[in-house]
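Examination of the molecular architecture
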Amino acid sequence: MSSEPWLVVIDPQVIFADPSSDWASPEFEAAAEVIESLLPEFGDRVLVTRWLPTASREGAWGEYFAAWPFANVPADDRLYELVPRAAAWSPHPTLDRPTFGKWGSELVERVGENPRLVLTGVSTDCCVLSTALAAADGGA
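Residues numbered from 1 in each chain as written. Predicted model: local features only at pLDDT ≥ 70, side-chain atom pairs only at ≥ 80, totals over all residues. Heavy atoms only, no water.

**As for the sheet that holds strand β2 (residues 46-51)**
As a reminder of what qualifies: For two strands to be treated as a pair, DSSP must find at least two bridges joining them. The secondary structure listing takes helices from DSSP runs of H or I that are at least 4 residues long and strands from runs of E that are at least 2 residues long, numbered from the N terminus. Structural elements are reduced to axes, namely lines fitted to C-alpha atoms, with helices fitted over the stretch in contact, and the angle between N-to-C directions of any two is expressed from 0 to 180 degrees. Working rule for contacts: check all heavy atoms of both residues, and any pair within 4.5 Å makes them a contact.
The strand order across the open sheet formed by four strands is β3-β2-β1-β4, and the pairing between neighbours is parallel. At either margin of the open sheet sits one strand with a lone partner, and together these are β3 (95-97) and β4 (117-121). With direction set aside, neighbouring strand axes in the sheet form an average angle of 25°. Bridge analysis of strand β1 (residues 6-10) against β2 gives three bridges, and the strand direction is parallel. Bridge pairing in β2 links V8 to L47. Along the sheet face, helix α2 (residues 28-42) touches β1, β2 and β4 and points at about 150° away from the line of β1.

Printed below as a string of C-alpha cells:
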C-alpha cells in the first residue's frame, strides 16, 4: 500500500451545482471551499471524476431517466461538465464513468493497487459511498 494518499473528488459537476438542477446540492459551494482547502495536502495526487450517462437506456437506466427527464441528455451536455473551479483541482484528466461508484480498473490504473484514498464530493449518499464501499472491498 502506498504511504501517500490520493484525494479523489467525486463528480463536481454542473448538474450538482446549478440551483436550477433537480440534483443540485444546496451545500455545493461550501463543499467546494472545503475541497479547495484540502488540495495543498495532496499535491499532484488529486483525481477528479465525472458521472456520465451511457447512451443506453436499457433496464433500470430507462426507468431512472424516465424519473429524471431533465438529466436525460447526451453525455456532452453542459450539465455533465465540471464546475469551472474544479477544472484546476487536478493535473490529471478526469476519470469519467457511467456508474455512480468510481472504483474500478480505471481508478486502480491511476492510483495503484491497494491505495490510500481520501474521498470527497457532494453526493455522499450515492456516488461517494458507492465508491468507498467498492474501494474498501478492492483493498483500498
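Further notes follow.
**Quick look at the packing of aromatic side chains**
Our working rule: A pair of aromatic rings is counted whenever rings of Phe, Tyr or Trp (Trp by its six-membered ring) have centres within 6.5 Å, and the orientation is called stacked for planes under 30 degrees apart, edge-to-face for over 60 and tilted otherwise. Type-normalised accessible area, obtained with a 1.4 Å probe on protein chains alone, sets the label of each residue: buried when under 20%, exposed when over 50%, and partly exposed for intermediate values. Either the NZ atom of lysine or the CZ atom of arginine qualifies as a charge over a ring when it sits within 6 Å of the ring centre and within 35 degrees of the ring normal.
Under the criterion given, the structure shown has 15 aromatic pairs. With a centroid separation of 6.1 Å and an interplanar angle of 20°, the aromatic rings of W51 and F65 are classed as stacked. Of this pair, W51 sits in strand β2 while F65 sits in helix α3 (residues 60-67), and the two are 14 residues apart along the sequence. A relative accessible area of 3% means that F65 is categorised as buried. Taking 5.6 Å as the distance between ring centres and 85° as the angle between the ring planes, the aromatic pair formed by Y64 and F65 counts as edge-to-face. The class for Y64 is partly exposed, based on a relative accessible area of 23%. A connected cluster of aromatic rings, assembled from ring pairs, spans F16, W23, W51, W61, Y64, F65, W68, F70, Y80 and F100. Over the ring of F65 we find R57, and its NZ or CZ is 3.9 Å from the ring centre.

**Examining the environment of V128**
Here V128 is to be found in helix α5 (residues 124-137). Taking relative accessible area as the criterion, V128 reaches 9% and is therefore assigned buried. Through-space distance from the C-alpha of V128 to that of G139 is 16 Å; in sequence the pair is 11 residues apart. The contact partners of V128, leaving out residues within four places of it in the chain, are I10, L119, T120, G121 and S123.

**Some words on empty space enclosed by the protein**
Threshold: Detection works on a 1 Å grid of protein atoms alone, calling trapped sets that fit a 1.4 Å probe cavities and calling open sets with protein on both sides within 12 Å along at least five of seven lines pockets, with lining residues defined by an atom within 4 Å of a point. Grid points are joined across faces, edges and corners, and a volume is the space filled by probe spheres set on the points. Each residue gets one label: Ala, Val, Leu, Ile, Met, Phe, Trp, Tyr, Cys and Pro are nonpolar, Asp, Glu, Lys and Arg are charged, and the others, such as Gly, are polar.
Applying the stated rule across the entire model yields one cavity of 30 Å³ or more. In this structure, the largest cavity is lined by V9, I10, D11, P12, F28, A32, I35, W89, G121 and V122. The element best represented in the lining of the largest cavity is α2, accounting for three residues. Looking at side-chain class alone, the lining of the largest cavity contains eight nonpolar, one polar and one charged residues.

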